[in-house]
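Inside the fold
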Amino acid sequence: MWILMYADDISLACDIAEKLREAVTTMDATFLLWGLTISTKKTKVLVVGRNAAAQAADSVITLRGDQLEVVSQFKYLGSVFTSDCMLDVEITHRVAAASSAFQQLRRASIWISRALTLSVKMQFFQCIVMSVLLYFGETWAVVKQHISHLAVFQKNWLQRICGISLRDHVPNVDILNRCNTLSVECQLQGKRLRWLGHVFRPEGCPMIEWLRSFCLVKSRALTHLAALGLASMMLRCVIVKTVKLVDP
């Protein structure tokens, strides 16, 4: 019954198509008993993994005579999920959304207002712009190119807030210090550590000790995850590096 509380945003995850068919059929029958109807036009099927394209043909699900569309990417709760589990599309989407938020505040004259101190402007920036840019970022398996892409936009936005032009040749570190904020990479690491603290904390086992056993030997972990695909291995590497920040 608890799933009915989130009737507008339900996702079902199964390892094989047949289980998903059964789950969708059962959920639809349950909803009908309570006067709820699943929209077949809005409901999508997303197959993820290395062989997603090949498995998509076998993942056809029919609900009340209508065939559910199989897609290669899907936006769920503000994040874009893709069949290859990579971050390129999601980060592009996050940058566009954050840029839109920044421009809305610019049109409201927040960044050029003399009545607001830099500290107040940075509170607007962190709460409205950076929260959009790094939304769900604690679960990202980022690589250097993703960090660089995000950092470029953060730098450009901070330069506009401080009234700094490229001709001033102000180093990135000085801009961050002037704005009293952290880099994109440090903010992502902080979000990830807070998330790991909640997710990986079994009873009676400190977070760091559990994560040490979880990531035990890097080479062994990567070998074990090889069958799960590149995205899983990347996430494991990111977790290992993040834990080493607090427990070298």
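Note that the coordinates shown come from a computational prediction; the quantities given were computed from them, not determined experimentally.

**A few points about the nonpolar core**
By size, the foremost hydrophobic cluster in this structure holds 29 residues, and its most contacted members are Phe125 and Leu150. Looking at this core, the elements that each hand over two or more residues are α3 (88-107), α4 (118-133), α5 (144-162), α6 (172-179) and α7 (184-199). Here this core gets 6 residues from one element, more than from any other, and that element is α5. If we ignore the near neighbours within four places in the chain, the residues touching Leu150 are Ile91, Val95, Leu133, Leu134, Trp140, Val184 and Leu188. Grouped together as the second largest cluster of nonpolar side chains are 9 residues, Leu20, Val24, Met27 and Leu68 included.

**Some words on the packing of α5 against α6**
The interhelical angle for the contact between α5 and α6, taken along N-to-C directions, is 55 degrees, at an axis separation of 10 Å. Accordingly, the angle class assigned to the pair α5 and α6 is oblique. Read as a crossing pair, α5 and α6 show a hand that is left-handed. Between α5, through Gln154, Lys155, Leu158, Gln159 and Cys162, and α6, the contact on the second element is made entirely by Asn172, Ile175, Leu176, Arg178 and Cys179. By residue class, the composition of the contact of α5 with α6 is 5 nonpolar, 3 polar and 2 charged.

**Concerning unusual backbone geometry**
For Cys85, which is not a glycine, the phi torsion comes out positive at approximately 65 degrees. Within the secondary structure, Cys85 is located in the loop between β6 (79-82) and α3. Take Cys85: its relative accessible area is 40%, and that puts it in the partly exposed class. Positive phi, close to 70 degrees, is recorded for Phe136, a residue that is not glycine. Summarising the element assignment, Phe136 is placed in the loop between α4 and α5. Of the residues examined, Phe136 reaches a relative accessible area of 33% and is grouped as partly exposed.

**Some words on α5**
Look at α5: 26 Å from first C-alpha to last across 19 residues, which is about the 27 Å you get at 1.5 Å a residue. Residue Gly163 follows α5 closely and has a positive phi angle near 75 degrees.

**Looking at the packing of aromatic side chains**
Considering all chains together, one arrives at 7 aromatic pairs under this definition. The interplanar angle of 20 degrees and the centroid separation of 4.9 Å between the aromatic rings of Phe102 and Trp111 together place this pair among those described as stacked. For the pair Phe102 and Trp111, a shared accessibility class is recorded, and that class is buried. A centroid spacing of 5.8 Å and a plane angle of 20 degrees characterise the contact between Phe102 and Trp157, whose relative ring orientation is stacked. Here Phe102, found in helix α3, pairs with Trp157, found in helix α5; they are 55 residues apart in sequence, far enough to count as distant. Of the two residues, Phe102 and Trp157, both sit in the buried class. What links up through ring pairs into an aromatic cluster is the set Phe102, Trp111, Phe125, Phe153 and Trp157.

**Details of the packing of α3 against α5**
The contact between α3 and α5 brings their axes to 11 Å, and the two run at 5 degrees. Between α3 and α5, the angle falls in the class roughly parallel. On α5, the residues that touch Asp88, Ile91, Val95, Ala98, Ser99, Phe102 and Gln103 of α3 are Gln145, His146, His149, Leu150, Phe153, Trp157, Arg160 and Ile161. Of the residues contributing to the contact of α3 with α5, the split by class is 8 nonpolar, 5 polar and 2 charged.

**Considerations on the pattern of salt bridges**
Tallied over the entire structure, the rule returns 6 salt bridges. Lys19 is paired through a salt bridge with Asp15; the nearest N and O atoms lie 3.6 Å apart. Its salt-bridge partner being Arg21, residue Glu18 comes within 3.3 Å of it at the nearest N-O pair. In this pair, Glu18 and Arg21 both sit in helix α1 (residues 17-33), 3 residues apart, roughly one turn of the helix. The partly exposed category is assigned to Glu18, whose relative accessible area is 43%. Residue Arg21 is classed as partly exposed on the basis of its relative accessible area of 25%.

**A closer look at the side chain of Gln187**
Residue position: Gln187 is located in helix α7. On the accessibility criterion, Gln187 (13% relative accessible area) is buried. Filtering out sequence-adjacent residues up to four positions away, Gln187 remains in contact with Gln126, Met130, Leu134, Gln154, Thr181 and Leu182.

Each value, and the rule that gives it
Residues numbered from 1 in each chain as written. Predicted model: local features only at pLDDT ≥ 70, side-chain atom pairs only at ≥ 80, totals over all residues. Heavy atoms only, no water. Core = buried A, V, L, I, M, F, W, Y, C linked by side-chain atoms within 4.5 Å. Buried < 20%, exposed > 50% of the residue type's maximum accessible area, 1.4 Å probe, protein only. Helix = DSSP H or I, 4+ residues; strand = E, 2+ residues; numbered from the N terminus. Contact = heavy atoms within 4.5 Å. Axes fitted to C-alpha atoms, helices over the stretch in contact; angles between N-to-C directions. Parallel < 35°, antiparallel > 145°, perpendicular 65-115°, else oblique. Left-handed = near helix turned anticlockwise from the far one by under 90°. Nonpolar A, V, L, I, M, F, W, Y, C, P; charged D, E, K, R; others polar. Expected span 1.5 Å × (residues − 1). Phe/Tyr/Trp six-rings, centres within 6.5 Å; stacked < 30°, edge-to-face > 60°. Salt bridge = Lys/Arg side-chain N within 4 Å of Asp/Glu carboxyl O.

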